[in-house]
Amino acid sequence: MAHIDAGEILPNDHVQQMAAEGRVTQMHRGHQYADEGDTFEIDGTEFEVTDVTHRTLGDMTDEDAQREGSADLDAYKERMEKVHGSFEWDDDSEVVRHRFEPVEE
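Residues numbered from 1 in each chain as written. Predicted model: local features only at pLDDT ≥ 70, side-chain atom pairs only at ≥ 80, totals over all residues. Heavy atoms only, no water.

Attention now moves to the pattern of salt bridges. Counted by the stated rule, this structure contains 5 salt bridges. Two residues, aspartate 51 and arginine 97, come together in a salt bridge whose shortest N-O distance is 3.2 Å. On the criterion of sequence distance, the pair formed by aspartate 51 in strand E3 (residues 45-56) and arginine 97 in strand E4 (residues 94-102) is long-range, its members being 46 residues apart. On the basis of relative accessibility, which here comes to 11%, the residue arginine 97 falls in the buried class. In this structure, the salt-bridge partner of aspartate 64 is arginine 55, at a minimum N-O distance of 3.0 Å. For arginine 55, a relative accessible area of 12% translates into the label buried. Where salt bridges share partners, they join Asp51, Arg55, Asp64, Arg97 and Arg99 into one cluster. (Salt bridge = Lys/Arg side-chain N within 4 Å of Asp/Glu carboxyl O. Helix = DSSP H or I, 4+ residues; strand = E, 2+ residues; numbered from the N terminus. Buried < 20%, exposed > 50% of the residue type's maximum accessible area, 1.4 Å probe, protein only.)

As structure tokens, then:
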């Protein structure tokens, strides 16, 4: 278990703010950026990584998209294409899901 920078999992200030507000509770990334039990801080709130799972884009559901701040999977796909320019959705692409929650004191 390590204390990591929030930017390791959450790619920008906007997404970090959404996590601080509870609107983002997981993030899929192309690689593993944290281990279960790692912690990070946003605006004075500590978060713990509770699950790290290797998956494919084809495994993603509407619930996954909602946990990442999108209305549904179609909206998530559109967001990925806008954010990553040359991104093309491939159901077989491997990704890593990082789930996290605030640490209760």
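Along helix H3 (residues 73-83), the positions that sit buried rather than exposed are Leu73, Tyr76 and Met80. Projected onto a plane normal to the axis of H3, the buried residues spread over an arc of 55° and lie on a single side. In H3, those exposed residues whose orientation departs by more than 90 degrees from the buried face are Asp74 and Lys82. Where H3 is buried, its residues touch strand E1 (26-29) and helix H2 (62-67). Sitting at the head of H3, aspartate 72 places a side-chain oxygen 3.2 Å from the backbone nitrogen of aspartate 74. Within two residues after H3, glycine 85 carries a phi angle of roughly 50°, on the positive side. (Arc of directions from axis to C-beta. Contact = heavy atoms within 4.5 Å. Polar contact = N/O pair within 3.5 Å; in protein donor to acceptor, adjacent residues only side chain to side chain.)

Because the α-helix completes a turn every 3.6 residues, residues three or four places apart line up on one side. When helix H1 (residues 13-20) is considered as a whole, its buried residues turn out to be Val15, Gln16, Met18 and Ala19. Down the axis of H1, the sector holding all buried residues measures 160°, keeping them to one side. Among the exposed residues of H1, those pointing more than 90 degrees away from its buried face are Asp13 and His14. Looking at the buried residues of H1, the elements they touch are E1, strand E2 (39-42), E3 and E4. Two or three places before histidine 14, at the opening of H1, asparagine 12 has a side-chain oxygen 3.1 Å from that residue's backbone nitrogen. Looking one or two residues beyond H1, the residue adopting positive phi is glycine 22, at roughly 85°.

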